[in-house]
Amino acid sequence: MRIVSWNVNGLRACVRKGFLDFLDASGADVVCLQEVRAFAHQLEPRVLAPEGWHANFCPAERPGYSGVGIYSRRAPTRIETSLGDDRFDLEGRMILAHFGRKAVASVYFPKGSGRDRDNSRVPYKLDFYAALFDRLQRLRRRGPVFVAGDYNTAHTEIDLARPKSSARTSGFLPEERDELTRWIEAGWVDTFRALHPGEPGHYTWWRQWGGARENNVGWRIDYVLASKSAARRVTDAFIWPRVMGSDHCPVGVDVSW
């Protein structure tokens, strides 16, 4: 089984850049999307229901903003899209697909920067992390759980190209990094780091100017975290920086069930 996650930075735009070809070529059984930025009625039939795939989406209330989705080869037994708090649910940030006792979440964690780049949304971001953490801690008691998405946080210095100049930037603030540490200390496994410990230069997002991607001046902010029972089944974890179509690239895991 292969699970792939990709912040597509607008699904309709990504479709014009070859998303559907990627979907079928990925070898994935589950594809998690973030920043869909569209309502279902705005998607073409071939995107809303591609042959051989089951598609589920959770849009934001605000047009052209946020939104997550999951494509899967097998129909989920159940879909959840609510954390029970309108502050989060209205922004379309989480969709959880159940496959029997197994579960895969596609999550678009908030940015903390705010409109004025003043880090004003950091408290909201941390509240979202905490609410999702509580929900997933309960869920992992039932079976394996994978949490795939754009976490909008680089965890350690090797997870971004320029850590020192980013120390006061949301995405690398101490309180944000500490929250990721809390997840990992609670038993959630950063699947890529578990298989590629200490390796610098692996990034999943790059600014869209100044040659950042060409020069690999990026951040690793997209992850697949796994509960302990899920992590034991991971045989490979990967980042695909050569896949274009967004300012992020896909990440994923191969799993032996």
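Please refer to the structure higher up on the page.
(A) Local environment of the pattern of salt bridges. Summed over all chains, the structure comprises 15 salt bridges. Linking Asp-254 and Arg-2 is a salt bridge whose minimum nitrogen-to-oxygen distance equals 2.6 Å. Of this pair, Asp-254 sits in strand S14 (residues 251-255) while Arg-2 sits in strand S1 (residues 2-7), placing them 252 residues apart in sequence. Residue Arg-135 is joined to Glu-80 by a salt bridge in which the shortest nitrogen-to-oxygen separation is 2.7 Å. With a gap of 55 residues between them, Arg-135 in helix H5 (residues 122-139) and Glu-80 in strand S5 (residues 78-80) connect regions that are remote in the sequence. The exposure class of Glu-80 is buried, given its relative accessible area of 15%. Salt bridges here are not isolated pairs; linked through shared partners, they connect Asp-159, Asp-190, Arg-193 and Arg-220.

(B) Quick peek at the environment of Arg-117. Among the structural elements, Arg-117 can be located in the loop between strand S7 (102-108) and H5. On the basis of relative accessible area, Arg-117 is assigned to the exposed category, the value being 66%. For the pair Arg-117 and Phe-19, spaced 98 residues apart in sequence, the C-alpha separation works out to 31 Å. At a separation of 3.4 Å, a polar atom in the side chain of Arg-117 contacts the side chain of Ser-113.

(C) Just the environment of Tyr-65, in detail. Note that Tyr-65 resides in the loop between strand S3 (54-58) and strand S4 (68-72). Linking Tyr-65 and Asn-9, residues 56 residues apart in sequence, is a C-alpha distance of 9.7 Å. When residues no more than four places from it in sequence are discounted, the contact partners of Tyr-65 are Arg-37, Ala-60, Glu-91, Arg-93 and Arg-121. Of note is the side chain of Tyr-65, whose polar atom sits 3.4 Å from the side chain of Glu-91. Among the polar contacts made by the side chain of Tyr-65, one reaches the side chain of Arg-121 at a distance of 3.3 Å.

Reading the values: rules and limits
Residues numbered from 1 in each chain as written. Predicted model: local features only at pLDDT ≥ 70, side-chain atom pairs only at ≥ 80, totals over all residues. Heavy atoms only, no water. Salt bridge = Lys/Arg side-chain N within 4 Å of Asp/Glu carboxyl O. Helix = DSSP H or I, 4+ residues; strand = E, 2+ residues; numbered from the N terminus. Buried < 20%, exposed > 50% of the residue type's maximum accessible area, 1.4 Å probe, protein only. Polar contact = N/O pair within 3.5 Å; in protein donor to acceptor, adjacent residues only side chain to side chain. Contact = heavy atoms within 4.5 Å.

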